[in-house]
Amino acid sequence: MRTLLTILVVVMAAVLIGVFRILPAYIDNDMNVVRPHAPYQISEDAAQLHAELRVADLHSDMLLWMRDPRRWNNRGHTDIPRLAHSNVRLQVFASVTKTPAGQNYDSNTADTDNITALAMVQRWPVDTWTSLYARARFHARRLQRLEGAADRLVIGRNATDLERALEDPDGPMVALLATEGAHSLEGQIEHLQGLYDEGYRVLGLHHFFDNELGGSLHGLGGHGLTPFGEQVVLQAVEMGMVIDVAHSSHQVVRDVLALSDKPVIVSHTGIYGHCQTRRNLPDELMQTIAAEGGLIGIGFWADVTCDDSPAGVARALLSAVELVGIDHVALGSDYDGTITASFDGAELSVLTHELLRLGLTPDEVASIMGENAIRFFLANLPQETDE
Ligand SMILES: [Zn+2]
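These figures come from a predicted structure and were not determined experimentally.

Parameters and conventions
Residues numbered from 1 in each chain as written. Predicted model: local features only at pLDDT ≥ 70, side-chain atom pairs only at ≥ 80, totals over all residues. Helix = DSSP H or I, 4+ residues; strand = E, 2+ residues; numbered from the N terminus. Rg over C-alpha atoms; globule rule 2.2 N^0.38 Å. Buried ≥ 20, exposed ≤ 12 C-beta atoms within 10 Å, placed from the backbone. Contact = placed C-beta atoms within 7 Å. Pairing = 2+ DSSP bridges. Right-handed = clockwise from strand over helix to strand, strands pointing away. Domains from an automatic or database assignment. Expected span 1.5 Å × (residues − 1). Axes fitted to C-alpha atoms, helices over the stretch in contact; angles between N-to-C directions. Parallel < 35°, antiparallel > 145°, perpendicular 65-115°, else oblique. Left-handed = near helix turned anticlockwise from the far one by under 90°. Nonpolar A, V, L, I, M, F, W, Y, C, P; charged D, E, K, R; others polar.

Looking only at helices and strands, one finds 14 helices and 11 strands in the protein chain. Relative to its length of 387 residues, the protein chain is compact, with a C-alpha radius of gyration of 21 Å against a globular reference of 21 Å. Its C-alpha atoms put the protein chain at 75 × 55 × 45 Å along the principal axes. In the protein chain, buried positions account for 51% of the 387 residues. A fraction of 73% describes how many contacts in the protein chain between residues 6 or more apart in sequence connect residues 24 or more apart.

The next thing to look at is the environment of Asp-210. When you line up the elements, Asp-210 lands in the loop between strand 6 (200-204) and helix 8 (227-239). A residue is classified by how many C-beta atoms lie within 10 Å of it, and Asp-210, with 22 of them, is buried. If near-sequence neighbours (up to four positions away) are discounted, Asp-210 is found in contact with Ala-110, Gly-215, Ser-216, Gly-219, Leu-220 and Gly-221.

This next bit is on the pairing of strand 6. By the criterion of burial, strand 6 is predominantly enclosed, with five of the five residues buried. As defined by bridge partners, strand 5 (residues 173-180) adjoins strand 6 across four bridges and the pair is classed as parallel. Along strand 6, the bridge assignment pairs Thr-179 with Leu-203. Of the crossover connections in this fold, the one passing from strand 5 over helix 7 (residues 190-198) to the parallel strand 6 is right-handed. With three bridges joining them, strand 6 and strand 7 (residues 242-244) adopt parallel strand pairing. From the neighbouring strand, Val-202 faces strand 7, where its bridge partner is Val-242. With helix 8 bridging strand 6 and its parallel neighbour strand 7, the resulting β-α-β unit is right-handed.

As a further point, take the domain arrangement of the protein chain. In terms of domains, the protein chain is made up of domain 1 (1-31) and domain 2 (44-380). For domain 1 and domain 2, the distance between their C-alpha centroids amounts to 35 Å. Between domain 1 and domain 2, the contact holds eight residues from the first and nine residues from the second.

Before going further, it helps to examine the environment of Phe-377. Looking at the element boundaries, Phe-377 is found in helix 14 (residues 362-380). The sequence separation of Phe-377 and Ala-159 amounts to 218 residues, and the corresponding C-alpha distance is 6.9 Å. Sequence-distant contacts of Phe-377, defined by excluding residues within four places in its chain, comprise Leu-90, Leu-162 and Leu-176.

Turning next to the environment of Gly-224. Note on placement: Gly-224 falls in the loop between strand 6 and helix 8. A count of 20 C-beta atoms within 10 Å places Gly-224 in the buried class. Distance in space between the C-alpha atoms of Gly-224 and Ser-333 is 27 Å, their sequence separation being 109 residues. Not counting chain neighbours up to four residues away, the residues in contact with Gly-224 comprise Gly-214, Gly-215, Ser-249, Gln-251, Val-252, Arg-254 and Asp-255.

What sets the pattern is the α-helix's 3.6 residues per turn: residues three or four places apart point alike. Compared with the 21 Å implied by 1.5 Å per residue over 15 residues, the 21 Å span of helix 12 (residues 310-324) between its first and last C-alpha is a close match. Three or more residues of helix 12 are buried, namely Pro-310, Val-313, Ala-314, Ala-316, Leu-317, Leu-318, Ser-319, Ala-320, Val-321 and Val-324. On its buried face, helix 12 sits against helix 10 (283-291), strand 9 (295-298), helix 11 (302-305), strand 10 (329-331), helix 13 (349-357) and helix 14. Backbone geometry just after helix 12 places Gly-325 at a positive phi near 100°.

Remark: helix 2 (residues 44-52) packs on helix 13, axes separated minimally by 9 Å, with the N-to-C direction vectors making an angle of 125°. Considered as vectors, helix 2 and helix 13 are oriented oblique to each other. Note that helix 2 runs across helix 13; the crossing there is right-handed. Of helix 13, the residues touching helix 2 (which contributes Asp-45, Ala-46, Ala-47, Leu-49 and His-50) are Ser-349, Thr-352, His-353 and Leu-356. Of the residues that constitute the contact of helix 2 with helix 13, the class distribution is four nonpolar, four polar and one charged.

Next up on the list: the pairing of strand 3 (residues 88-96). The buried fraction of strand 3 is high, at nine of nine residues. Bridge count for strand 2 (residues 55-60) against strand 3 is four bridges, and the pairing is parallel. Within strand 3, the position partnered with Ser-60 by the bridge is Phe-93. The parallel pair strand 2 and strand 3 is bridged by helix 3 (residues 80-85), and the resulting crossover is right-handed. Relative to strand 5, strand 3 runs parallel, the two being bridged by seven bridges. Along strand 5, the bridge assignment pairs Leu-90 with Val-174.

Here it is in structure tokens:
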């Protein structure tokens, strides 16, 4: 009897260790893949230019995974040391709070959710198991703890934070918090102030399913903003938040453009004319976004670029430049967003190398690699200190 009990306890312990220690790392490693490759050869010109760049990226889902962001990890795409190694000075971190089972680019309902299991397996606080708003606050607090623990990162709450950090070439990386789908408001307008207070400055309206604000690009009906969606967009813009329409339906994008004078971003995408997929908005919509001062972040994965090699991503960036102009193109990696990338957060100099090879000037490369995004957020984040 005693032996049986011992065996039972040992088996249970093994299962628990498996579930809470090994499984999260396994899932992370399995979902955020870096394609194995020999070290990339970077020309001397590119290495020299890259060393002087201020790199910015509009979309990473790093906060979703429980690897230690203060360490250089051998799994996933990013952590602070790897991004710093690539001279990243501005990084937008998105909060993913709900994803449908069988997620696809065509049609998803809001009935299922994979993040609940991920929250449990990764031992997130119990309130995150049932509340999307709690998940968004938890992601913000992870970043806040990082800000407290390391002098290498500050959360950008206004333009002054960004300006101050960037003044010093050895200054900290500025992290901006973004929702990936404003369903984390749980349909309550009061939660918008709550998210703002936690540090959120980019409001991604949608993810893979229709929500209280309107239609997703991958939802059921492709409908536009609801009255609640209009209310949220107007209030967010008033508060100084930047609207991200990366996963919104065509009609939501048109409605946002009609509703607000403030420029919007498409944080992670490709260009339809270059890579014809439902995930990429129509070219003329991209041109309208850019004409109103918006910013287009080009992703690093094959679904949106049709080629995820460094040269392929550089060509996707060039196609964006050709469509919307050099001032409106940025990086939008989607690192740690369950994609496969051919280079990780430490290897961004390979993009500098490939962009130069395509014939872009050093100034043009600097614009794409970070200066456009820095200029955009200096102009569009809240201008005065919060206090
Ligand atoms: Zn996304």
